[in-house]
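Here's the letter readout for the chains.
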Amino acid sequence: MSITEHKEQTSLENIAHISKPLFGDDTGHLALDTRRTLVQLLSGPSMDDRRHPKLWPVLARDETILRSRLSELFLDLIVDHEQKIAFTRQAHTGDLDTPVLLRRSPLTFIDSVLLIFLRHRLTQADAHGERATVDSEEISQHLVVYEQAANTDHSGFQKRVQASIEKMKKNSILQKIRGTENRFEVSPTLRLLFSPEEIQTLTQQYHTIASQSDTRIAAPPDTDEEIE
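Residues numbered from 1 in each chain as written. Predicted model: local features only at pLDDT ≥ 70, side-chain atom pairs only at ≥ 80, totals over all residues. Heavy atoms only, no water.

Caption draft 1: Structural detail: the overall build of the protein chain. Within the protein chain, the regular secondary structure consists of eight helices and eight strands. Excluding contacts between residues fewer than 6 apart, the proportion of contacts in the protein chain whose partners are at least 24 apart in sequence is 60%. Taken as a whole, the protein chain presents about 14000 Å² of accessible surface, with 52% of it coming from carbon and sulfur. (Helix = DSSP H or I, 4+ residues; strand = E, 2+ residues; numbered from the N terminus. Contact = heavy atoms within 4.5 Å. Areas by Shrake-Rupley, 256 points an atom, 1.4 Å probe, with all protein chains shown as cover.)

Right, dumping it as C-alpha cells:
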C-alpha cells in the first residue's frame, strides 16, 4: 500500500467517527453511540457485554479512538476481549504532574481480605468453567476469622462486613443475581485488577496475620490499597 493510499484509508476510518452537531453549540466530532460509550467508561466502574449489550460492540469498533480520548485525560483503557469487560484507570505518568480524574475508594483491611477471597473464588470457578458466585453468609463465615478475639461487639463487626459487601456492589465487583436476596456473581473484572502474583503475595501476608492467633485477631483499620 502506498503512502497516499494509506492516508486515504486513514481518512475514511476517521470519517466513521465524525458526527454532525447533536445539539446547540456542539463542537464534538464523535458519533452518538461512541460518545455514550466514552461516558460509560468514564462514569465506571466498568462495562461489559452482558450489562451493556448495545455499547460493547461500539467499544470493540471504536477502541482506538476511545483509547486516544481517554489518554488525553491521563487515563488507560483496560480491555479483556475474551471476557468482554473493560474499565479505565489512571495512567502511570512517571514524574509528570498530572491531575487525577478518577475517584478513589480506599480499602479497609476487611475490604482487602474480601477481595482476596473473591479473587480465589473466581479462580476456582474458572478452573471448572463456571460462573463465580457467593452469598453473604459465605462471606461472613470467611471474614469472621479476622474479628478481634476479645471483641464483644459482634454486631459492629458484622456491620463492617456488610459495609464491605456494599462497597464491592457499588464498584460492580459483586453483582446481585436476579431473583435472589443475598447471592452475587463475582465480576470477571477482578481478574484485571489483581494478577495471580499479587493475589498470592497478599494471601501469604494475610495467612501470616491470621496464624498469629489461635482463633480470632484484631485487624488493622485500613490499608494503602484503593479501588479506582
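From this point, the narrative continues.
Caption draft 2: Spatial organisation of unusual backbone geometry. For Phe 74, which is not glycine, the phi torsion reads 65° and is therefore positive. On the secondary structure map, Phe 74 appears in the loop between helix H3 (56-71) and strand E2 (75-80). A positive phi angle, close to 60°, is found at Lys 84, a residue other than glycine. Note on placement: Lys 84 falls in the loop between E2 and strand E3 (85-90).

Caption draft 3: Expanded view of the sheet that holds strand E5 (residues 133-135). Spatial strand order, E5-E7-E6: three strands in an open sheet with antiparallel pairing. Looking at which strands have only one partner, the edges of the open sheet turn out to be E5 and strand E6 (174-176). In this sheet, neighbouring strand axes are inclined to one another by 40° on average, regardless of whether the strands run parallel or antiparallel. Sheet contacts for helix H5 (residues 136-143): E5, E6 and strand E7 (183-186); angle to E5, the most-contacted strand, approximately 75°. (Pairing = 2+ DSSP bridges. Axes fitted to C-alpha atoms, helices over the stretch in contact; angles between N-to-C directions.)

Caption draft 4: Fine view of the side chain of His 52. Take His 52: it is sitting in the loop between strand E1 (47-48) and H3. If near-sequence neighbours (up to four positions away) are discounted, His 52 is found in contact with Gln 40, Ser 46 and Met 47.

Caption draft 5: View of the sheet that holds E1. Spatial ordering of the open sheet is given by E1-E3-E2, a layout of three strands whose pairing is antiparallel. Here the strands that pair on one side only, and so sit at the sheet edges, are E1 and E2. The sheet contact formed by E1 and E3 spans two bridges and is antiparallel. Its bridge partner being in E3, Met 47 is matched across the sheet by Ala 86. Each of E1, E2 and E3 is contacted by H3, which is oriented at about 155° to E2, the strand it contacts most.

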